[in-house]
Amino acid sequence: MLGGCYSGFDGASAGGLSGTTGGGTSTGGDETTTGPAPGTTTSGEGGSTSAAASSGPQTGGEASTTGAASTTGIDETSTTEAAMTGSTTGEPPPPPNPDVPDGVPYCDPAKSWDPKWKQLEEDVLEIVNQKRAQGADCHSEGMFGPAGPLTMEPSLRCAARMHSKDMVDRDFFSHTNPDGESPWDRIGKTGYGAYTNAGENIAAGSPTAAGTMDQWMNSDGHCANIMNPDFEHIGVGYHPGGQYGHLWTQVFGAQ
């Protein structure tokens, strides 16, 4: 089973890098370096780094791709209002997807999610908030007292789902995808907007929310992300498949 975490803030965008990996029953220690220059990133699987947030809200790495949903597939011979809304019977269009933002092309693949996968994501949220209510000892990252609950945020859920899906589709395990895209790049594509802090945890191998949360809570850097009192929102994305069988992503944010 594997895990990795990513937290902090990156100068002009958002984020600072931290990460750990472990295989099988062994667990690796977190090597922590604090205070890299804004914009500096390092490998997310070998150690842990973080950067303090600069003052004031910042925007995510890439500009948001929010916009009207594609109308491809609508009868091109019709330009009526009904055709543009996808209805030819006078019925109202379907309601927006409540899980991820509507009208954001980047998030479209994250709309068609198996209800069982969604339930696993909700289970993770429940356990996260239980842990935050109790407080936790994250060892090298320090003691954390009780913190308020996190809210499942659609934009961050989109970022989490898309990364888990990507790791399955392209069979990799990293905070940075094969195109060089970072967690804050993904957040920027979702329309989350300006934020003051952000982070990401990833894990692989466990088929259950409880097992995955145990992986994260038993790793100092991941535990610190989960317990960070400055975070307000979370997005959780689960997707089965790939060489590890099960891929999980948590994305944290505060505005």
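Source: prediction; values computed, not measured.

Caption draft 1: Inspection of the overall build of the protein chain at higher detail. Each helix and strand counted, the protein chain has 6 helices and 9 strands in total. Of the contacts made within the protein chain by residues no fewer than 6 positions apart, 72% connect residues no fewer than 24 positions apart. By element, 52% of the accessible surface of the protein chain is carried by carbon and sulfur atoms, the whole surface being about 11400 Å².

Caption draft 2: Representation of the nonpolar core within the structure. Core analysis: the biggest nonpolar cluster contains 27 residues, and Val124, Met213, Ile226, Met227 and Trp248 have the highest contact counts within it. Among the secondary structure elements, those contributing two or more residues to this core are helix H2 (115-134), helix H5 (209-217), helix H6 (220-227), strand S8 (233-240) and strand S9 (246-254). Considering every element that reaches this core, the biggest residue donor is H2, with 6 residues. Those residues within four positions of methionine 227 in sequence are excluded, and the remaining contacts are Lys131, Arg132, Gly135, Ala136, Cys138, Phe144, Gly145, Ala147 and Met217. Counting residues in each nonpolar core, the second largest holds 9 residues, with Trp184, Tyr192, Tyr195 and Ala198 among its members.

Caption draft 3: How the structure looks around helix H3 (residues 154-169). Spanning 16 residues, H3 covers 22 Å between terminal C-alpha atoms, matching the ideal 22 Å at 1.5 Å per step. The buried count for H3 comes to 13 of 16 residues, which makes it a mostly enclosed element.

Caption draft 4: Quick look at the confidence of the model for the protein chain. Summary statistics for the protein chain give a mean pLDDT of 74 and a share of 64% for residues scoring 70 or more. The low-confidence segment residues 8-88, where pLDDT is below 50, has 160 contacts with residues more than four positions distant or belonging to other chains.

Caption draft 5: Quick look at the side chain of histidine 175. Secondary-structure assignment places histidine 175 in the loop between H3 and helix H4 (183-189). A polar atom in the side chain of histidine 175 sits 2.7 Å from the side chain of glutamate 200.

Caption draft 6: How the structure looks around unusual backbone geometry. Positive phi is not limited to glycine here, since histidine 139 has a value of about 55°. Along the chain, histidine 139 turns up in the loop between strand S4 (136-137) and strand S5 (143-144). Overall, the relative accessible area of 56% leaves histidine 139 in the exposed class. A positive phi is found at aspartate 171, a non-glycine position, where the angle reads about 50°. Mapped onto the fold, aspartate 171 is located in the loop between H3 and H4.

Caption draft 7: Focus on H6. With 8 of 8 residues buried, H6 is to be regarded as a mostly interior element. Within the sequence span of H6, burial applies to Asp220, Gly221, His222, Cys223, Ala224, Asn225, Ile226 and Met227.

Caption draft 8: Seen up close, the environment of glycine 235. Along the chain, glycine 235 falls in strand S8. Along the primary structure glycine 235 and cysteine 158 are separated by 77 residues, whereas in three dimensions their C-alpha atoms are 7.1 Å apart. In this structure glycine 235 touches Met152, Glu153, Leu156, Arg157, Ala160, Thr249, Gln250 and Val251, once residues within four positions along its chain are discounted.

Caption draft 9: Quick look at the pairing of strand S7 (residues 197-204). The buried fraction of S7 is high, at 8 of 8 residues. Judged by which residues are buried, S7 turns out to be covered on both faces: Asn197, Gly199, Asn201 and Ala203 on one side and Ala198, Glu200, Ile202 and Ala204 on the other are all buried. Alignment of S7 against S9, held across 8 bridges, turns out to be antiparallel. Its bridge partner lying in S9, glycine 199 is registered against phenylalanine 252.

Caption draft 10: Focus on the packing of aromatic side chains. Inspection of every chain in the model, using the stated rule, returns 5 aromatic pairs. With 5.2 Å between their ring centres and 20° between their planes, phenylalanine 231 and phenylalanine 252 make a pair best called stacked. Highlighted residues: phenylalanine 231 in the loop between H6 and S8 and phenylalanine 252 in strand S9, separated in sequence by 21 residues. Classification of phenylalanine 252 as buried rests on a relative accessible area of 0%. With a centroid separation of 4.5 Å and an interplanar angle of 50°, the aromatic rings of tyrosine 238 and tryptophan 248 are classed as tilted. Of this pair, tyrosine 238 sits in strand S8 while tryptophan 248 sits in strand S9; the two residues are 10 residues apart in sequence, bridging distant segments of the chain.

The rules behind these values
- Residues numbered from 1 in each chain as written.
- Predicted model: local features only at pLDDT ≥ 70, side-chain atom pairs only at ≥ 80, totals over all residues.
- Heavy atoms only, no water.
- Helix = DSSP H or I, 4+ residues; strand = E, 2+ residues; numbered from the N terminus.
- Contact = heavy atoms within 4.5 Å.
- Areas by Shrake-Rupley, 256 points an atom, 1.4 Å probe, with all protein chains shown as cover.
- Core = buried A, V, L, I, M, F, W, Y, C linked by side-chain atoms within 4.5 Å.
- Buried < 20%, exposed > 50% of the residue type's maximum accessible area, 1.4 Å probe, protein only.
- Expected span 1.5 Å × (residues − 1).
- pLDDT = per-residue confidence, 0-100.
- Polar contact = N/O pair within 3.5 Å; in protein donor to acceptor, adjacent residues only side chain to side chain.
- Pairing = 2+ DSSP bridges.
- Phe/Tyr/Trp six-rings, centres within 6.5 Å; stacked < 30°, edge-to-face > 60°.

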